[in-house]
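Descriptive analysis of the structure
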Amino acid sequence: EKFKEGLTKTRDNFSSKVNELVARYRKVDEEFFEELEEILIQADVGFDTVMQLIDELKMEVKRKNIQDSKDIQSVISEKLVEIYREADETSTEINIQENALTVILFVGVNGVGKTTTIGKLAHKYKSEGKTVLLAAGDTFRAGAIEQLEVWGDRVGVEVIKQAAGSDPAAVMFDAVHSAKARNADILLCDTAGRLQNKVNLMKELEKVKKVIEREVPGAPHEVLLVLDATTGQNALIQAKTFKEATNVSGIVLSKLDGTAKGGIVLAIRNELKIPVKLVGLGEKMDDLQEFDAEKYVYGLFS
Ligand code: GDP
């Protein structure tokens, strides 16, 4: 239900157009496909992914000998899920350690919803009875530490921090040791989000990761890149930069509720080959959902 609610804008934009198209065309012909292509592009599904989808739809229409346009709707849903699944070599589940500390690193540019996502995830794990700690690794941006503390208070979890401007790697060292001392289950680590200088970004992330790797074997268990769905194709460009800077294990797509172009989920999945693991569907504590391709596509069309 949350999923459906959060997709209202995309549904209004995308699915209603598809429905209208199907109603208008009795026959599935070249013109029908051209219009469908346009709708998909406008929903930010991404050019390459749209081309792939249209090709596969055409083949399927031929194979099943579909002539009436009303019969194509279910095929569109099936193909959307399929494209998603095919790109899905890795699990969309968050890699949580049983009976050991799980360290999750969050990366992404300022304003995408990193802090909010950390807060929401802290709430989720705390509700499951886990001990959660937050690491204020963005020592660069003014107010970042305080903002994380606001979430820490809200959710009721401790934030490990140092003074603004201090070395993020030192904060991580501290955080990991605090987590061990408190027998914590989950450590969620914020990082700085400036993209102006890729070399610096890379160096800082590497340094932070090294400390975590050294102190907790096998960690970080996830490096989650947070992307703002409302920035559309820009999110894809950011993702490419981060992918070059570090090993991203999953995507959090925030603000999916704020965009009519939710097709970006497919573009990210299909073009980057990184699984979307979580989606943000609002500003509140429990507006975070694990991504599920079937639920997503179903949410679009129902
Ligand atoms: P950060 O700079 O990456 O840490 O970004 P913030 O966590 O501060 O988020 C920036 C803004 O986006 C805030 O106003 C959040 O409330 C808002 N935001 C974050 N996630 C979502 C979401 O899933 N949906 C909506 N509608 N707003 C969100």
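The residue numbers shown here count from 1 along each chain, following its written sequence. With the structure being a predicted model, the display of local features is reserved for residues of pLDDT at least 70 and the display and counting of side-chain atom pairs for 80 or more, all residues being used for whole-chain, interface and lining totals. Neither water nor hydrogens contribute to the side-chain values; these are computed over all heavy atoms in the structure.

Naming follows an unreviewed UniProt entry, where the protein chain appears as Signal recognition particle receptor FtsY of Pseudoneobacillus rhizosphaerae. UniProt positions are given in the numbering used here, feature names are shortened, and annotations may be inferred rather than shown by experiment. Listed in UniProt under the heading Sequence similarities (unreviewed entry), the comment for the protein chain reads: "Belongs to the GTP-binding SRP family. FtsY subfamily."

A few points about the overall build of the protein chain
Note on conventions: DSSP H or I runs of at least 4 residues are helices, E runs of at least 2 residues are strands, and numbering of each starts at the N terminus. Counting its secondary structure elements, the protein chain contains 12 helices and eight strands. On C-alpha atoms alone, the protein chain measures out to a radius of gyration of 21 Å, which is about the 19 Å that the 2.2 N^0.38 rule sets for 302 residues. Seen through its principal axes, the protein chain has C-alpha atoms that stretch 65 × 40 × 30 Å. Split into buried and exposed, the 302 residues of the protein chain put 54% on the buried side. Whether two residues touch is decided by their heavy atoms; if any such pair falls within 4.5 Å, the residues are in contact. Long-range contacts, defined here as pairs at least 24 residues apart, represent 76% of the contacts in the protein chain between residues at least 6 apart. To be clear on the numbers: accessible area is Shrake-Rupley with a 1.4 Å probe, and residue cover counts the displayed protein chains and nothing else. For the protein chain, the exposed surface amounts to about 13400 Å²; the carbon and sulfur share of it is 48%. Positive and negative side-chain charges in the protein chain, numbering 41 and 50 respectively, have mean positions lying 2 Å apart. We compute the radius of gyration from the C-alpha atoms alone; for a globule the expected value is 2.2 Å times N to the 0.38, where N is the number of residues. Here's how the labels work: a residue is buried when its accessible area is under 20% of the maximum for its type, exposed when over 50%, partly exposed in between, all with a 1.4 Å probe on protein chains only. Counting rule applied: Lys, Arg positive; Asp, Glu negative; His and chain ends not counted. Throughout, a charge is located at the NZ atom of Lys, the CZ atom of Arg, the CG atom of Asp or the CD atom of Glu.

Details of the side chain of R269
Tracing the backbone shows R269 in helix α11 (residues 264-272). From its side chain, R269 meets the backbone oxygen of I274 in a polar contact 3.4 Å long. Polar contacts, as used here, are pairs of N or O atoms within 3.5 Å; protein pairs need one atom able to donate a hydrogen and one able to accept it. Residues neighboring in sequence count only if both atoms are side-chain atoms.

A closer look at the nonpolar core
In these notes, a set of buried Ala, Val, Leu, Ile, Met, Phe, Trp, Tyr and Cys residues joined through side-chain atoms within 4.5 Å is what counts as a nonpolar core. Residues L36, L187, L188 and L253 are the most contacted members of the largest nonpolar core, which totals 104 residues. Apart from residues lying up to four places away in sequence, L253 is in contact with L227, A229, I264, V265, I268, V276, L278, V279 and G280.

Remarks on the packing of helix α4 (residues 47-63) against α11
Every angle, taken between N-to-C directions, lies between 0 and 180 degrees, and every axis is a line fitted to C-alpha atoms, over only the stretch in contact when it is a helix. One way to put it is that α4 packs onto α11 with a least axis distance of 9 Å and a crossing angle of 90 degrees. Regarding the angle of α4 to α11, the classification is roughly perpendicular. Counting all contacts with α4, which are made through F47, D48, T49 and Q52, the residues of α11 involved are L266, A267, N270 and E271. Class assignment for the residues of the contact of α4 with α11 results in three nonpolar, three polar and two charged. Orientation categories follow fixed angle ranges, with anything under 35 degrees roughly parallel, anything over 145 roughly antiparallel, 65 to 115 roughly perpendicular, and all other angles oblique. Polar here means any residue other than Ala, Val, Leu, Ile, Met, Phe, Trp, Tyr, Cys and Pro, which are nonpolar, and Asp, Glu, Lys and Arg, which are charged; Gly is therefore polar.

As for the pairing of strand β4 (residues 186-189)
Burial along β4 is two-sided: I186 and L188 and L187 and C189, pointing in opposite directions, are all buried. Where strand β1 (residues 102-107) and β4 come together, four bridges link them in parallel fashion. Counterpart to L105 in the pairing with β4 is C189. DSSP calls a pair of strands paired once it identifies at least 2 bridges connecting them. As paired strands, strand β2 (residues 132-135) and β4 are joined by four bridges and run parallel to one another. Along β4, the bridge assignment pairs A135 with C189.

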